[in-house]
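The residues making up each chain are set out below.
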Amino acid sequence: MACLFCSIVAGDIPARRIYEDDKAIAFLDINPWKRGHTLVIPRRHVDDLLSADEALTEIAPAVTATARLLTERLGADGMNLLSNAGAVAGQEVFHLHLHLVPRYADDPGMRALFDRDTTIDLDEVQAALSS
Ligand code: 5GP
Ligand code: ZN
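Since we're looking at a predicted model, the values are computed, not measured. (Residues numbered from 1 in each chain as written. Chains lettered and ligands numbered in written order. Predicted model: local features only at pLDDT ≥ 70, side-chain atom pairs only at ≥ 80, totals over all residues. Heavy atoms only, no water.)

### Quick notes on the sheet that holds strand S5 (residues 98-103)
Backbone-to-backbone hydrogen bonds join strands into a sheet, with any given pair of strands oriented parallel or antiparallel.
Here comes step 1: Taken in spatial order, the five strands make up an open sheet running S1-S2-S3-S5-S4, and their pairing is antiparallel. Lying at the two open borders of the sheet, with one neighbouring strand each, are strand S1 (17-20) and strand S4 (78-82). Looking at each pair of strands side by side, their axes are set apart by 20 degrees on average, direction ignored.
Here comes step 2: Note that S4 and S5 share five bridges and pair antiparallel. The residue bridging Asn-80 from the neighbouring strand is Val-101, located in S5. (Pairing = 2+ DSSP bridges. Helix = DSSP H or I, 4+ residues; strand = E, 2+ residues; numbered from the N terminus. Axes fitted to C-alpha atoms, helices over the stretch in contact; angles between N-to-C directions.)

Next comes the structure, spelled out in structure tokens:
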């Protein structure tokens, strides 16, 4: 069965990539909760966190580097890190991914997290994160 995120890794589907190494890629979520909402995924296919073997360890350096990039370039004051494992947890794309959601002092708290922000300009965010 075709996997959307494997297609992004292969470059068959475009994505706004902001960081990559030999094990992982990071790209902007197409429908962000907050400015800079990013997904970090392993290059190899793993369904989810519950079947992740060593995949979480493999992508950890990219998670740290991406969190640093988002904080430095976007001026984030904090970060939420989240992975939905299984449909019951809200997973919609069944290729392991971690959500990195930058948070800002003027919009604090968990309650402010889950509404998608349709006003975010993804081209502007990608430009701010590119060197
Ligand atoms: P999940 O609910 O599986 O944890 O999250 C899947 C995430 O993937 C959602 O936040 C959704 O906005 C994002 N997403 C779905 N399709 C695409 C796509 O084609 N490109 C990008 N960049 N993100 C996507
Ligand atoms: Zn996949």
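Next comes the rest of the account.
### Points about the coordination of the zinc ion (ligand 2)
Here comes step 1: Around the zinc ion (ligand 2), the protein contributes the donor atoms Cys-3 (SG), Cys-6 (SG), His-45 (ND1) and His-95 (ND1), at 2.1 to 2.3 Å from the metal centre.
Here comes step 2: One can describe the donor arrangement at the zinc ion (ligand 2) as tetrahedral, given that its four donor atoms subtend angles of 105 to 119 degrees at the metal.
Here comes step 3: In the primary sequence, the donor residues of the zinc ion (ligand 2) line up as C-x2-C-x38-H-x49-H. Note that Cys-6 is positioned in helix H1 (residues 4-10) and His-45 in the loop between strand S3 (38-42) and helix H2 (55-74), a separation of 39 residues in sequence. (Donors = N, O, S within 2.8 Å, 3.2 Å for Na, K, Ca; no water. Tetrahedral: all angles 85-135°; square planar, octahedral: opposite > 155°, others 65-115°.)

### Quick word on a nonpolar patch on the surface
Here comes step 1: A grouping of Leu-49, Leu-50 and Leu-56 is seen on the molecular surface, where their side chains present a nonpolar patch of about 280 Å² in accessible area.
Here comes step 2: Its place among the elements puts Leu-49 in the loop between S3 and H2.
Here comes step 3: For Leu-49, a relative accessible area of 33% corresponds to the partly exposed category. (Patch = residues over 30% accessible without salt bridge, like charges linked within 9 Å, V, L, I, M, F, W, Y side chains within 5 Å. Areas by Shrake-Rupley, 256 points an atom, 1.4 Å probe, with all protein chains shown as cover. Salt bridge = Lys/Arg side-chain N within 4 Å of Asp/Glu carboxyl O. Buried < 20%, exposed > 50% of the residue type's maximum accessible area, 1.4 Å probe, protein only.)

### Let's talk about H2
Spacing of three or four residues puts side chains on the same side of an α-helix, whose turn is 3.6 residues.
Here comes step 1: Over its 20 residues, H2 extends 28 Å from the first C-alpha to the last, a length consistent with the 28 Å expected when each residue adds 1.5 Å.
Here comes step 2: The largest bend in H2 comes to about 35 degrees, at Pro-61.
Here comes step 3: All buried positions along H2 are accounted for by Ala-55, Ile-59, Ala-62, Val-63, Thr-66, Leu-69, Leu-70 and Leu-74.
Here comes step 4: Lining the buried residues of H2 we find S1, strand S2 (24-28), S3, S4, S5 and helix H3 (122-129). (Expected span 1.5 Å × (residues − 1). Bend = angle between axes of the 7 residues up to and from the residue. Contact = heavy atoms within 4.5 Å.)

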